[in-house]
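Architecture and fold: a report
Chain by chain, the residues:
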Amino acid sequence: MNTRLLCSFAGILWLSSAWAVSPQSIMEGKLLFEKEWQPSNPIHGSDGLGPLFNATSCVACHQQGGTGGAGGAEFNAKSIGIEAIEIYGDPITSLSLASLISRFHPDFVQGEGNIVNVANLPHHGGSQTLRQFHDAMTARAGAEFSEEGGPLEASEVQIANASPILFEQEVDGYRIRIAARMYERNTTALFGAGQIDMVSDELLDTQVKKQRSHREISGRPSTLEDGRYGKFGWRANVATLLEFTDQACANEMGLQTRRKPQSSDVTNPTYQNSAFDISDKQVKSLGDFVAALPAPRRQPPNNPRDLAALHNGETLFNSIGCSVCHVQDMGPAQGIYSDLLLHDMGGSTIDLNHAEPYIVDRELAYNEVESTVPKGFTYQTNLAYYGETSTIQIPTGTDSSIGMNSASLRSPRYDNIQRPLTFSFYAPESPPSLTAFRFIGSKLNPDTKNNWVALERTKQQRSPQKARTRIEAYEQMNIESTRFNQEWRTAPLWGLRDSAPYYHDGRAETVLEAIAMHSGESEGTRDRFLNLSYEDRQDVLAFLDSLVAPH
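Just so it is clear, the model here is predicted, and its values are computed rather than measured.

1. Focus: the overall build of the chain
Secondary structure assignment for the chain yields 15 helices and 20 strands. Counting all 551 residues of the chain, 53% fall into the buried class. Put simply, of all contacts in the chain between residues at least 6 apart along the chain, 76% involve residues at least 24 apart. Of the roughly 24,700 Å² of accessible surface on the chain, 52% is carried by carbon and sulfur atoms.

2. Quick notes on unusual backbone geometry
Here G50 and P51 are connected by a cis peptide whose omega angle stands at 15°. When you line up the elements, P51 lands in the loop between β2 (46–48) and β3 (52–53). At the junction of A500 and P501, the peptide bond is cis and its omega measures out at 0° in the coordinates. Mapped onto the fold, P501 is located in the loop between β19 (487–489) and α13 (511–516). Although it is not a glycine, A236 adopts a positive phi angle of roughly 50°. Counting through the fold element by element, A236 comes out in the loop between β10 (229–230) and α8 (241–253). Relative accessible area serves as the criterion here: at 0%, A236 is assigned to the buried category. Positive phi values are uncommon outside glycine, yet Y337 reaches one of about 55°.

3. A closer look at empty space enclosed by the protein
Counting across every chain of the model gives 8 cavities of 30 Å³ or more. Computed from the structure, the largest cavity encloses a volume of approximately 970 Å³. Among the secondary structure elements, those contributing two or more residues to the lining of the largest cavity are α6 (193–197), α11 (322–325), β19, α13, α14 (523–530) and α15 (534–545). Here the residues of the lining of the largest cavity are counted per class, giving 30 nonpolar, 15 polar and 3 charged. When its volume is computed, the second largest cavity comes out at roughly 500 Å³. Forming the walls of the second largest cavity are 28 residues, and the residues nearest its centre are H62, F244, A248, E252 and Y385. Contributing elements (two or more residues each) for the lining of the second largest cavity: α8 and α9 (280–292).

4. Topic: the side chain of S519
Tracing the chain through its elements places S519 in the loop between α13 and α14. The buried category is assigned to S519, whose relative accessible area is 14%. Sequence-distant contacts of S519, defined by excluding residues within four places in its chain, comprise D344, M345, G346, Y503 and R526.

5. Notes on α15
Here α15 is 12 residues long and its end C-alpha atoms lie 16 Å apart, about the 16 Å a rise of 1.5 Å per residue gives. Every buried residue of α15 is listed here: D539, V540, L541, F543 and L544.

6. Points about the sheet that holds strand β15 (residues 358–370)
The antiparallel open sheet is built from 3 strands, whose spatial order is β15-β18-β17. Strands with a single pairing partner mark the edges of an open sheet, and in this sheet they are β15 and β17 (435–444). Taking each pair of neighbouring strands and ignoring which way they run, the sheet shows an average axis angle of 20°. Two strands pair when backbone bridges link them, and β17 and strand β18 (residues 469–480) are joined in this way by 9 bridges, in the antiparallel orientation. Across the sheet, F437 pairs through a bridge with Q476, a residue of β18.

7. A closer look at the confidence of the model for the chain
When the pLDDT values of the chain are averaged, the result is 89; 90% of them are 70 or greater. Counting interchain partners and residues more than four positions distant, the pLDDT-below-50 stretch residues 1–18 has 42 contacts. Note on residues 377–383: pLDDT is under 50 here. Beyond four places in sequence and across chains, it has 22 contacts.

8. Side note on the pairing of β18
Summarising burial for β18: 10 of the 12 residues are buried, a large majority. Relative to β18, β15 runs antiparallel, the two being bridged by 12 bridges. For Y366, the partnering residue across the bridge sits in β18 and is A473.

9. Focus: the packing of aromatic side chains
All chains considered together, the criterion is met by 8 aromatic pairs. Their ring planes at 55° and their centres at 5.3 Å tell us that F33 and F289 sit as a pair that is tilted. One end of the pair, F33, is in helix α2 (residues 23–34); the other, F289, is in helix α9, and 256 residues separate them in sequence. Taken as a pair, F33 and F289 share a single burial class, namely buried.

10. As for helix α10 (residues 304–319)
Given a rise of 1.5 Å per residue, 16 residues ought to cover 22 Å, and the 23 Å separating the end C-alpha atoms of α10 matches this to within 8%. Just downstream of α10 lies G321, where phi reads positive at about 110°.

Cut-offs used in this document
- In this numbering scheme, every chain counts its residues from 1 along its sequence in written order.
- In keeping with the model being predicted, local features are shown solely for residues with a pLDDT of at least 70 and side-chain atom pairs are shown and tallied solely at 80 or more, while totals for entire chains, interfaces and linings include all residues.
- Hydrogen atoms and water are omitted, and side-chain values are computed over all heavy atoms in the structure.
- A run of H or I in DSSP becomes a helix once it reaches four residues, and a run of E becomes a strand once it reaches two; helices and strands are each numbered from the N terminus.
- Categorising residues by exposure relies on relative accessible area from a 1.4 Å probe, with only protein chains included: less than 20% of the type maximum marks a residue as buried, more than 50% marks it as exposed, and the intermediate range marks it as partly exposed.
- By definition, residues are in contact when any of their heavy atoms lie within 4.5 Å.
- In these tables, accessible area is a Shrake-Rupley quantity obtained with a 1.4 Å probe, and a residue counts as shielded only by the protein chains included in the view.
- Here a cavity denotes a set of grid points, spaced 1 Å apart and computed over the protein atoms alone, in which a 1.4 Å probe fits but from which it cannot get out, and a pocket denotes an open set meeting protein on both sides within 12 Å along at least five of seven lines; residues with an atom within 4 Å of a point are reported as lining.
- Grid points are joined across faces, edges and corners, and a volume is the space filled by probe spheres set on the points.
- Put simply, Ala, Val, Leu, Ile, Met, Phe, Trp, Tyr, Cys and Pro go in the nonpolar bin, Asp, Glu, Lys and Arg in the charged bin, and everything else, Gly too, in the polar bin.
- One less than the number of residues in a helix, times 1.5 Å, gives the span that helix is expected to have.
- Strand pairing requires that DSSP identify at least two bridges connecting the strands.
- Axis lines are fitted to C-alpha atoms, over the contacting stretch for helices. Their N-to-C directions set the angle, which ranges from 0 to 180 degrees.
- pLDDT is defined as a per-residue confidence score from the predictor, taking values between 0 and 100.
- A pair of Phe, Tyr and Trp rings is counted when the ring centres sit within 6.5 Å of each other, with Trp represented by its six-membered ring. The angle between the planes then sorts it: under 30 degrees is stacked, over 60 is edge-to-face, the rest tilted.

Laid out in structure tokens, this is it:
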């Protein structure tokens with residue numbers, strides 16, 4: 001794939017700058033990583049920590065196996081995803097739609113009235129009203145949660161994910177029904193992140209080509225709109241470690257950066273942070289420290305018998321197909337055991353913060369418009385931290401009201417007091433459109449006589465007319481349909497022993513549980529493992545248990 005970088009985002013120069021690292025910057029980054037952030041930052045004149053946050057420091061969540069490690073289920077980030085909406089009653093407007101959905105949780109309605117189907121549930125902060133909404137959601141999830149904010153343990157993650165959250169209410173002549181679910185993300189270890197940052201897009205392309213002819217496995221890169229590949233995050237939706245660090249500051253601790261605004265409390269719309277909370281120098285120092293964290297290692301046993309079992313387990317790991325996705329070496333990332341690609345892991349892994357759509361081709365497209373028409377949208381680098389969301393909106397052309405004849409609705413249904421279904425939404429399983437565009441630039445057309453506007457006016461007026469037009473250039477992105485709600489980056493296995501619980505949301509307490517939960521593309525490999533003899537399965541687990549944090 002030709003990954004041309006045609007990005008107009010001003011901050012891209014900062015994000016893609018050479019990683020010049022000094023020992024002093026690494027030490028400053030370590031102090032910042034371990035720092036307990038507080039509300040109010042007198043240095044920058046900003047609000048400091050929060051107002052919404054999951055933890056008060058980086059190390060609070062990243063601590064298993066040492067500073068920078070993974071986190072337990074109690075630190076899981078939480079969100080609520082809307083799977084379906086049905087509204088019965090009178091014709092509905094965009095304003096009434098937003099009002100109805102905000103009764104379920106106000107965070108689904110964003111700035112300028114945009115409605116999305118996923119709302120994050122920060123562990124701490126916010127107004128009393130927002131905390132009440134948070135507590136209502138966690139109560140509906142049916143699981144037990146810790147003081148830190150996440151579930152008490154892996155089994156509670158399973159309970160929360162398996163418990164549908166249903167909401168039904170009568171409001172102003174409408175009946176609204178919402179089916180939703182809690183989704184979670186477990187804290188990943190940061191060991192070896194600097195090596196991952198150096199893995200090239202070409203190496204990912206090589207892995208895609210290798211898997212193209214495989215009968216079971218078909219990984220694909222996380223294609224970002226600006227032409228790069230993502231490598232960081234469970235969805236691999238962030239391209240570089242520095243960007244990942246920048247976004248984590250804002251999303252996890254509410255530390256606003258120059259590029260990433262902090263999460264806002266929608267129940268307190270007048271509140272504004274007066275400045276950024278963390279400087280570019282501090283963000284870079286944090287990134288330098290994370291990049292300097294050593295990669296995990298292998299710790300073979302000293303006993304010759306156990307060593308032989310480990311070697312047998314490694315051989316079986318390769319022969320049954322685990323190594324097709326869990327590739328041992330990816331260029332500079334030696335011993336990573338990941339291809340860093342996205343794979344369909346089956347319906348049981350659905351999370352509505354979906355993966356990036358798979359852009360398979362790009363081409364230039366042009367459009368001529370009158371010079372008075374506002375210029376096209378200038379694309380900014382994708383800043384979705386947990387993954388993209390889907391938009392909930394009334395179909396185009398029926399913004400004031402929609403009825404049962406709308407082509408976007410399913411078969412007519414009625415509630416129990418015979419009101420028609422006037423609006424419905426169902427979370428898409430794959431990209432709703434297979435073509436997307438982003439504005440690149442424009443220039444005035446010097447020909448005022450032979451452009452389409454002038455010719456159309458000449459035809460209408462039956463006399464020569466002039467008009468000034470502008471030629472706009474777009475990049476057309478052609479998308480391949482995938483089940484993007486259940487696509488996940490192959491989890492690196494280095495440091496596996498010290499990173500429980502497992503899976504993207506920490507639902508598996510043990511490595512054996514995690515293997516048994518594999519589905520989708522990995523079903524065949526899973527079944528070959530489960531069909532091994534007990535002794536051989538134990539040898540594979542012994543091999544995996546030798547992958548430890550760097551300590």
